Amino acid sequence: MPTASYENYPLSVIEAQSLGKIVIATHRGGLPELVHDGENGFLVNPGDSLELAKTIERVWHMPADERGAMEGAARARVLRENDPADHVRRIVALYKSVI
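Criteria and cut-off values
- Residues numbered from 1 in each chain as written.
- Predicted model: local features only at pLDDT ≥ 70, side-chain atom pairs only at ≥ 80, totals over all residues.
- Heavy atoms only, no water.
- Buried < 20%, exposed > 50% of the residue type's maximum accessible area, 1.4 Å probe, protein only.
- Helix = DSSP H or I, 4+ residues; strand = E, 2+ residues; numbered from the N terminus.
- Arc of directions from axis to C-beta.
- Contact = heavy atoms within 4.5 Å.
- Pairing = 2+ DSSP bridges.
- Core = buried A, V, L, I, M, F, W, Y, C linked by side-chain atoms within 4.5 Å.

Of the residues making up helix α1 (residues 11-18), those classed as buried are Val13, Ile14 and Gln17. Around the axis of α1, the buried residues are gathered within 100° of arc, so they sit on the same side. The inward-facing, buried residues of α1 contact β1 (23-26), α2 (31-34) and α4 (64-81).

For the rest of this paragraph, the subject is the pairing of β1. Across the two faces of β1 the burial is the same, with Val23 and Ala25 and Ile24 and Thr26 all buried. Of the pairings in the sheet, the one linking β1 to strand β2 (residues 41-44) comprises four bridges and is parallel in character. By the bridge assignment, valine 23 is partnered in β2 with glycine 41.

Right, let's talk about the environment of valine 78 for a bit. Relative to the elements of secondary structure, valine 78 occurs in helix α4. Classification of valine 78 by relative accessible area gives buried; the value is 5%. It is 14 Å that separates the C-alpha atoms of valine 78 and proline 32, two residues lying 46 residues apart in sequence. Beyond its immediate chain neighbours, meaning those up to four positions away, valine 78 contacts Ile14, Gln17, Ser18 and Asp83.

Our next topic: the nonpolar core. If you look at the biggest cluster of nonpolar residues, it comprises nine residues: Val13, Ile14, Val23, Ala25, Leu31, Leu34, Val35, Leu43 and Val78. Among the elements of the structure, α1, β1 and α2 are those that each provide at least two residues to this core. Phe42, Val44, Val59 and Met62 belong to the second-largest nonpolar core, a separate cluster that totals seven residues.

That's the geometry; what it means functionally is another story.
This is the structure:
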């Protein structure tokens, strides 16, 4: 997700992480809230193609155990923060608070 725009909550990141994929994104918009550098993916500076290339190479050569841990963290974040039952519970609580 090497975007130069200020993405808020891009579905492409959510979908990739839900499948346990390591996401490389830029330090822009809401991306740092979704991709925690070195934990569930990597963040690079927008427009820095050399940093992006080095990070892609880093992921490519990552040991299997390290890759597995990051992929698991990516999927866990999506499941934790996008749980439909939890979402409904929070919406109902919000509605009840304003009624």
